[in-house]
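Examining the three-dimensional arrangement
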Amino acid sequence: MSRPKAHGLQPVGSNDHNIDPTKNIKYRQALTNMYYFDPHIHMVSRTTDDYETLAKMGCVGMSEPAFWAGFDRGSVDSFRDYFCQLTDFEQKRAGMYGLKHFTWMCINAKEAENVQLSREVIKIIPDFLDCPNVLGIGEIGLNKNTKNEATIFLEHIDLAVEYSQQILIHTPHLEDKFQGTRMILDMLNGDSRLERNRVLVDHVEEHTVRHVLDDGYWAGMTLYPVSKCTPARAVDLIEMYGPERLLVNSAGDWGPSKPTAVPDFILEMRRRGHPESLVRKIVYENPIEFFSQSSNFSFTPPNVPEAAIQ
Amino acid sequence: MPQPMPAPDVLDREFLEIRAKLLEVAASFDRIDRGEGSVEGDPRMALYREALETLLSDQPNRAEQIQQIFSRQYEESWRTKFGV
Ligand SMILES: [Zn+2]
């Protein structure tokens, strides 16, 4: 029996059009860096070399939500020190490479299981809200979708409303994501004090993105090697839902993660032939539009043409 | 929003990648089979089976459906249950 000739049994992209960089505008663009923001990255877990690499790849700034350090902290003083690191030291490290560093304050969903400690931490957060790089409250959210986590989530929302802060939200991982995202949306939708366009719900995937966007919130796609989105699937979501109110981030942290994942997304957009204006909207204009709603956000675009930074 | 790559181009670009991913899954199943003991009753194996059946369907949102297969159920009444 003769089998059909296996289609594609040659190197991927082996037709001339795809491999000749002089003929293909997409590949020329792929060699040029584009300015971008990483709206969710945990630089406290990264080295100074990473700041340098990000700057070389076109990153102009980042926002760093407060998160779980990989171990539970024992007291409110640990959080105070962490908030000092986020509002002072990280800004200086970023500044060494011309990067703008912004941050968000909270006790994360995992440690929020400890209600008493969480309430102590929430009490000190107002001390930091006037720091020039603080954009709001985050990343709050759910982890295992428990009653304690929901209680502290709601108390963070009260804090954000009281101080007129923007909100950045972590949604749970893997099998807990769908349930947790729906629970988070229930709590947000049930609060008429919130301005939905000032809230970002992060780590959306195929089964949660529609719910977040339909309810009027911003949605973030996290490019993570195993547990979240890949660059290709993130581009799929852009193609299916359009570019409005969508952000992409690396969530680079202490675990397996890639701080340069946003440039991977940019490359995938270009390889598929999406226009530069669309890529730029998602990785640069959208973050600026969202962050600009925070009174502490200020940003002057670099005075260097993008092509010069490759 | 239109997808700029025509279907044949997507297939050209991704043929070897998809082939490699299928092989990885096949080899993983073989590895489970070769190991001592049995996982037949493990509910995760049933999830795999359901996901594979979804792959063979011709619906447009297979990725979303597979996400749902691996998700815990959401109950609308959770707030009453928790009292929050
Ligand atoms: Zn995070």
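Residues numbered from 1 in each chain as written. Chains lettered and ligands numbered in written order. Predicted model: local features only at pLDDT ≥ 70, side-chain atom pairs only at ≥ 80, totals over all residues. Heavy atoms only, no water.

**Regarding the overall build of chain B**
Spelled out, the test is: Strands are runs of DSSP state E lasting at least two residues, helices are runs of H or I lasting at least four, and both sets are numbered from the N terminus onward. The buried label goes to any residue with under 20% of its type's maximum accessible area, the exposed label to any with over 50%, and the partly exposed label to all in between, with areas taken from a 1.4 Å probe on protein chains only. Surface exposure here means Shrake-Rupley accessible area, sampled with a 1.4 Å probe, where a residue is shielded only by the protein chains that are shown. His is not counted, nor are the chain ends, whereas Lys and Arg count as positive and Asp and Glu as negative. Working definition for charges: the position is that of NZ of Lys, CZ of Arg, CG of Asp or CD of Glu.
Check the secondary structure of chain B and you find four helices and zero strands. In sequence order, the secondary structure elements of chain B are arranged as α-α-α-α. In terms of principal-axis extent, the alpha carbons of chain B reach across some 55 × 50 × 20 Å. Across the 84 residues of chain B, 15% fall into the buried class. Looking at chain B as shown, the accessible area adds up to about 6500 Å², and 56% of this sits on carbon and sulfur atoms. Taken as two groups, the 11 positive and 16 negative side-chain charges of chain B have centres that lie 5 Å from each other.

**Topic: the pattern of salt bridges**
All names here are of chain A. What counts, and what does not: We count a salt bridge whenever a side-chain nitrogen from Lys or Arg sits within 4 Å of a carboxyl oxygen from Asp or Glu.
On inspection of all chains with the given rule, the structure shows 28 salt bridges over all chains. Between Asp264 and Lys258 there is a salt bridge, and its shortest N-O distance comes to 2.7 Å. Judged by relative accessible area, Asp264 falls into the partly exposed class, the value being 26%. Using a relative accessible area of 38% as the deciding quantity, one classes Lys258 as partly exposed.

**Some points on helix H9 (residues 231-241) of chain A**
Residues and elements named next belong to chain A. Note the threshold: Contacts: residue pairs with any heavy atoms within 4.5 Å of one another.
If you check which residues of H9 are buried, you get Ala234, Val235, Leu237, Ile238 and Glu239. The elements touched by buried residues of H9 are helix H8 (209-214), strand E7 (218-222), strand E8 (246-249), helix H10 (261-271) and helix H11 (276-291). Among the residues trailing H9, Gly242 stands out with phi positive, at a value near 80°.

**Digging into the coordination of the zinc ion**
Residue and element names in this part refer to chain A. Convention followed: For Na, K and Ca the donor cutoff is 3.2 Å, while for all other metals N, O and S atoms count as donors only within 2.8 Å; water does not appear among the atoms, so some sites may look incomplete.
Binding of the zinc ion to the protein goes through His40 (NE2), His42 (NE2) and Glu139 (OE), at separations of 2.0 to 2.2 Å. Mapped onto the sequence, the residues coordinating the zinc ion show the spacing H-x1-H-x96-E. Of this pair, His40 sits in the loop between strand E1 (36-38) and helix H3 (48-56) while Glu139 sits in strand E4 (residues 134-141), placing them 99 residues apart in sequence. The residues His40 and Glu139 share a single accessibility class, namely buried.

**A word on the nonpolar core**
This is how the line gets drawn: To define a nonpolar core, start from buried Ala, Val, Leu, Ile, Met, Phe, Trp, Tyr and Cys residues and group those joined through side-chain atoms within 4.5 Å.
Phe37, Met62, Phe83, Ile169, Leu188, Phe265 and Val283 of chain A are the most contacted members of the largest nonpolar core, which has 93 residues in total. In terms of residues, this core owes the most to one element, H11 of chain A, which gives eight residues.

**Brief notes about the interface of chain B and chain A**
Short version of the rule: The term buried area denotes the loss of accessible surface (1.4 Å probe radius) that occurs when two parts are joined, taken as the sum for both partners. By the criterion applied in these results, polar contacts are pairs of N or O atoms within 3.5 Å in which, for protein atoms, one can donate a hydrogen and the other can accept it, and in which residues neighboring in sequence qualify only through two side-chain atoms.
With 24 residues of chain B in contact, the opposing surface of chain A contributes 37 residues. Taking both sides of the interface into account, the surface hidden between chain B and chain A amounts to around 2900 Å²; carbon and sulfur atoms contribute 56%. Per-residue buried area on chain B facing chain A is highest for Met1, Arg13 and Arg72 of chain B; these three make up 25% of the total on that side. Residue Glu64 of chain B pairs with Arg210 of chain A through a salt bridge whose shortest N-O separation is 3.2 Å. Counting across the interface, chain B meets chain A through eleven residue pairs in polar contact (both at pLDDT 80 or more).

**Side note on the side chain of Ser71 of chain B**
Checked against the element boundaries, Ser71 of chain B lands in the loop between helix H3 (62-69) and helix H4 (78-82). When neighbours within four sequence positions are excluded, Ser71 of chain B is seen to be in contact with Glu175, Phe178 and His207 of chain A.

**Quick look at the packing of H9 of chain A against H10 of chain A**
Residue and element names in this part refer to chain A. In plain terms, the rule: Note on geometry: axes are lines fitted to C-alpha atoms, helical ones only across the stretch in contact, with angles between N-to-C directions running from 0 to 180 degrees. Here roughly perpendicular refers to angles of 65 to 115 degrees, roughly parallel to angles under 35, roughly antiparallel to angles over 145, and oblique to all remaining angles. Take the far helix as the reference: if the near one is turned anticlockwise from it by less than a right angle, the crossing is left-handed, and if turned clockwise, right-handed.
For the pair H9 and H10, the least separation of the axes is 9 Å and the interaxial angle reads 60°. One element, H9, and the other, H10, form an angle in the oblique class. Crossing geometry of H9 relative to H10 is assigned as right-handed. Facing H9, whose interface residues are Pro231, Ala232, Ala234, Val235 and Ile238, H10 presents Asp264, Phe265, Glu268 and Met269.

**A look at the pairing of E8 of chain A**
Applicable threshold: A clockwise course of the path from the first strand over the helix to the second, judged with the strands pointing away from the viewer, identifies a crossover as right-handed.
Here E8 of chain A shows no split at all, with Leu246 and Val248 of chain A on one side and Leu247 and Asn249 of chain A on the other all buried. Note that the unit made of E7 of chain A, H9 of chain A and E8 of chain A has a crossover that is right-handed.

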